[in-house]
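Each chain is listed here by its residues.
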Amino acid sequence: MKENDFNRRDFLKVLGWGGTAVALSGCGNTSIQDGQEIVTSYVTLPSYVIPSIANYFNSTCAQCDAGCNIMGRVREGRVLKAEGNPNSPINRGKMCGLGQSGVQAHYNPDRIRQPLLKGQAVTWEAALGAINDKLNGVKGEQVAFLTGGMSGHVQALFGNYMDALGSKNHFSYEAISPAVLRVANKKAYGMAMPRYRIDKARVVVSFGADFLGAWVSPVNFAQQYAQFRKGTRPEGRGVLVQVEPKMTLTGANADSWIGIRPGTEGMLALGVINALGSAGIKLPADIAAAVKDYTPERVGVNTGVPFERINKLATLLKERSPSLVLAGDAAEGYVNGSQNALAIAMLNHVLGNVGKTVEAAASVPFPQIAPTVGSRSSLNKLNDGLAAGKYKVVFSYGANPVFSAPAAMKFKDNFVKADFKVAFAQYLDETAQAADLVLPLDSAMEDWGTVVPEYMAAPEGSDADTYAQMSFRQPLMQKLYPDTRGVGDILLALLKQRKADEYKDFEDFYSYLHNAVLKNKVALGGKTTDDDDIFWDETLSKGIVPLKGVAGSVSAKMSAADLKLSPATGTDTNYPLRLIPAVSASMRDGRNANEPWLQESPDPLTTVVWDSWVEIHPKTAAKLGIAEGDIVEVASKSGSIKSQAYLFPGIHPDAVSVPVGYGHEGMGRYAKGVGANVFSILDPVFEQETGELALNETNVKISKTGQRVIIVKEEGPLGGSQDGRPKIAVQVQADKVDLSKEV
Amino acid sequence: MQHILRLFILLVGLFAGVGSYAADAAPKLTTPDDLGPQIEQPIEFPHFRHAGDAKDGGMQINCMYCHTYARRSMVAGIPPVQKCIGCHQSIESVRDKPRIKKLFEYWEAKKPIPWKKVHDLPDFVRFNHERHIQRFYFQQDRPYQEVCGYCHGDVKKMTVARRQKPLTMGWCASCHMKDHPISAHSTKTGHGPNDCFTCHK
């Protein structure tokens, strides 16, 4: 034995003796601590507050953009947990894991607590003064404001500030968003975000829309899905078919999973329309002409989906009406992404689903508070402007482009060219680190605001087509740190620098919001005779304000003229594999990566925790000599990352997948250095119509680095004998499974 | 040899460390008569004045007038300052007493009073006031001073409260093992729960 070895047995001995020591020296004492602690009573207390019994306050979740209505469980002045608001048509009393982690955003130890000017803590007066100084003598067009998705009264105030600055340079950016789908939907249905009725459909064919995991409004869709799967439903139990190159949570729940060749989703949709035509569905002449060449046989060759399956899918859709066809991330992220989405939407038209399972959604009657949705094309515009030196002062709120822009865009280099960069931030993330001035934000559980969701779910009922809603966000507890401020408060203070007279009546954002809501009492469901205070209290306590929305309509016809499906881009012999950046239900675009619950909750499919991974099909891995846990280098033309290999049959053999959101260089202790940032190696290839970054158009090669780790995951060894339980009898070993042939 | 020496040093260190921690953190032992230590409070609150019998100059206020949460919650609750002021703003006769002046100072500054906790069980014990009050006060219809007094002693004779009972597990269990009538109108009896998880959860 080596001199310094202190082995396990010795350690246990010491532990044993140590325990005795504790027992001997501790025994005989009562641990009752009279007079040691202070029990602070309240000064005043509303009668509904009883110490040790929780109260629930309605608010709105801020973890993603779905805008679920939540209730915060508050006890002794501290928010402990969030629950879904049962009266919400969006989440109907339920919540997801991402939403549950909201309390960790609030209590996060890495929150910024003071304004930071060039890294030095300063007072708010100094911080706001610095902004005022820098804005003096700068023209409106030299100011740019980058935000994430926005809505409600903060947005109204924000619009006023941009007007006061005389700037039109508002760039709304979301790293992961259905931006291509919005444009395609507008063409196909006449509205960007219709209501999808999964609960009414008898069969759902989803082209890469992970609606149970991370797509648009997952909690709403998961509820609909539960209805859809009920055998007691008049329509009977629904059938789900998922078409995607990389299996998502929704794919794992599907009755049939079709592992399609990346980028050929639109072609498959046309093949199915062709097969439907052959099966006797009457196609409009232009559509029939458009799909004439897409015979199942030809489509089968191009997509890698056997033509019998295409025919089977067509039969399924024909027999089970109404159906619903969805286009999601996996179909959009290509150069021909919007054509893919259009071709898929055409299926809904052919099948007569439009108006049945694709319903018109209403929009809020006040355009100032209607949601502004983000896209990546606006980031391109900002980036070009920054590169050209057009902007002197740049603000950033609710976006982290330094992290989520591909390295090839050189966003950081361009961002630092601006004279003065201001980041509104809760954490010192990558963008805040690159900024000159960082303004610490309140958490969503400390702040006031209103939220209008982009995906407008409606309650059952006859007036569903005019249903729109605004949700309240209210502080669930007092601020944890005295020197953080709400985004509305900051905007108001900045507005007062420009238009002191106009805003002098508003002491803070609360008074602005209070005033704005009471001024529109009637439109918000009150009567002119209602007492202001009672109306305000009731509105807040409900948390949801139903509005008489502007009814939309979905267009029943779609012309095939817009459809010019270009062939999917080929592969590169040097980079033979297609990289699919995966959006996981908990990590999303990485904005919440510093919440340890999200890092700790296993990915639903791979069960990996606290790290990123490279999903490889076992056959491809065998060809490359890669085993599970090998650290592999994933290299594209634009860069490379290293991560652990995870062999997974639920992926097309020509594709590899790495989850996004990991690999932060800042943000905080739970996010920094965990995993690798796959955004950084994406090639700057853009969707041809919308200019969105084509997320799935990066080709990569994979090489072993020679290192290997044991993957931290929950599943047992192959075929599984875990905890000494008997081996489960397996019919097919996991590495031999071809999921595309199952079912 | 060196190996054993190292182990030995580690052990001695552990004993010393744990011992000194225990000595530091240990509260003063319960006195032989089961009394807790005298505790100095920010305001010397006269319980006997408020809850004491009329013949002793007390006002016979029900304990739960101020500790109002005892029957509805795990904790009895220290009344909010508002509650004290609610009465005292109209009791002119004692307004100039130093204790009342101090009370109003807290009220005017809107500051809570930092009371010291007298009956402080360890964090791994969950004692529920509501269950005990419901059982003995409402179901068995015993006088409130007796019911509260099981654990808190004869508070109506104290100024600031002082712990009267050991509040140890053995002491709790000694009562839980006894049979108590189910209600005032029943001859049936039952004892308190003796499951570990009732208090340690």
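Residue positions are counted from 1 within each chain, in the order its sequence is given. Chain A is the first chain written and ligand 1 is the first ligand written, with later ones labelled in order. With the structure being a predicted model, the display of local features is reserved for residues of pLDDT at least 70 and the display and counting of side-chain atom pairs for 80 or more, all residues being used for whole-chain, interface and lining totals. The basis for every side-chain value is the complete set of non-hydrogen atoms in the structure, without hydrogens or water.

Caption draft 1: Representation of the overall build of chain A in the model. The secondary structure content of chain A amounts to 23 helices and 26 strands. Split into buried and exposed, the 743 residues of chain A put 57% on the buried side. Contacts in chain A between residues far apart in sequence, at least 24 positions, make up 74% of those at least 6 positions apart. Note on areas: Shrake-Rupley with a 1.4 Å probe; residue coverage comes only from the protein chains shown. Only carbon and sulfur atoms are counted for the fraction: they give 52% of the accessible area of chain A, which is about 30,300 Å². To qualify as a helix, a DSSP run of H or I must reach at least 4 residues; to qualify as a strand, a run of E must reach at least 2; elements of each kind are numbered from the N terminus. Per-residue accessibility, obtained with a 1.4 Å probe over protein chains only, is compared with the maximum for each type, and a residue is labelled buried under 20%, exposed over 50%, and partly exposed between these values. Pairs of residues are marked as contacts when any of their non-hydrogen atoms sit within 4.5 Å.

Caption draft 2: Inspection of the sheet that holds strand 3 (residues 69-75) of chain A at higher detail. All names here are of chain A. Spatially, 2-3-4 is the arrangement adopted by the three strands of the open sheet, whose pairing is antiparallel. With partners counted over all chains shown, the strands left at the sheet margins are strand 2 (55-60) and strand 4 (78-84), one partner each. Adjacent strand axes in the sheet meet at a mean angle of 35 degrees, parallel and antiparallel pairs treated alike. Two strands qualify as a pair provided that DSSP identifies no fewer than 2 bridges between them. Bridge count for strand 3 against strand 4 is six bridges, and the pairing is antiparallel. Within strand 4, the residue paired with Arg75 across the bridge is Arg78. Axis definition: a line fitted to C-alpha atoms, limited for helices to the stretch in contact. Angles are taken between N-to-C directions and run from 0 to 180 degrees.

Caption draft 3: Structural view of the sheet that holds strand 13 (residues 323-327) of chain A. All names here are of chain A. Pairing within the open sheet is parallel, and its four strands lie in the order 12-11-10-13. With partners counted over all chains shown, the strands left at the sheet margins are strand 12 (256-258) and strand 13, one partner each. Each strand axis lies, on average, 15 degrees off the axis of its neighbour in the sheet, ignoring direction. Where strand 10 (residues 203-207) meets strand 11 (residues 239-243), four bridges bridge the pair, whose relative direction is parallel. Along strand 11, the bridge assignment pairs Val205 with Val241. Its contacts with the sheet place helix 14 (residues 337-350) against strand 10 and strand 13, and it is angled at close to 175 degrees to strand 13.

Caption draft 4: Focus on the nonpolar core. All names here are of chain A. For our purposes a nonpolar core is just a set of buried Ala, Val, Leu, Ile, Met, Phe, Trp, Tyr and Cys residues, chained together by side-chain atoms within 4.5 Å. Of all hydrophobic cores here, the largest spans 152 residues; its most connected members are Ile131, Tyr161, Phe207, Phe211, Leu347, Phe395 and Phe424. The residues contacting Ile131, other than those within four sequence positions of it, are Tyr161, Phe395, Phe420, Val422, Leu437, Leu439, Leu494 and Gln497. Core analysis: the next-biggest nonpolar cluster, separate from the first, contains 44 residues, Phe171, Ala175, Leu379 and Phe679 among them.

Caption draft 5: Inspection of the confidence of the model for chain A at higher detail. Residue and element names in this part refer to chain A. Note: pLDDT gives the predictor's confidence per residue, expressed from 0 to 100. For chain A, per-residue confidence averages 89 on the pLDDT scale, and 91% of positions sit at 70 or higher. Averaged pLDDT values for the elements of chain A fall to 60 in helix 1 (residues 8-26) and rise to 97 in strand 17 (residues 437-440). Low pLDDT (under 50) marks residues 719-729, which in the prediction has 10 contacts with non-local residues, meaning those over four places away or in another chain.

Caption draft 6: Spatial organisation of the side chain of Thr698(A). Residue and element names in this part refer to chain A. Tracing the backbone shows Thr698 in strand 26 (residues 698-708). Polar contacts involving the side chain of Thr698 include one to the main-chain amide nitrogen of Asp683, which spans 3.0 Å. Residues in contact with Thr698, not counting those within four places in the same chain, are Leu577, Arg578, Leu579, Ser636, Ile681, Leu682 and Asp683. Whenever two N or O atoms come within 3.5 Å, that pair is a polar contact, provided that in protein one can donate a hydrogen and the other can accept it, and provided that, for residues adjacent in sequence, both atoms are side-chain atoms.

Caption draft 7: Seen up close, the packing of helix 9 (residues 265-278) of chain A against helix 14 of chain A. Residue and element names in this part refer to chain A. It is the contact of helix 9 with helix 14, at a shortest axis distance of 7 Å, that shows an interaxial angle of 25 degrees. One element, helix 9, and the other, helix 14, form an angle in the roughly parallel class. Helix 14 is crossed by helix 9, and the crossing has left-handed handedness. Here Glu265, Gly266, Met267, Ala269, Leu270, Val272, Ile273 and Leu276 of helix 9 come into contact with helix 14, specifically with Asn340, Ala343, Ile344, Met346, Leu347 and Val350. Classification convention: Asp, Glu, Lys, Arg as charged; Ala, Val, Leu, Ile, Met, Phe, Trp, Tyr, Cys, Pro as nonpolar; all other residues, Gly among them, as polar. Taken together, the residues that form the contact of helix 9 with helix 14 break down as 11 nonpolar, two polar and one charged. Roughly parallel covers angles under 35 degrees, roughly antiparallel covers those over 145, roughly perpendicular covers 65 to 115, and oblique covers all other angles. Crossing handedness is read from the near helix: turned anticlockwise from the far helix by less than a right angle, it gives a left-handed crossing, and turned clockwise, a right-handed one.

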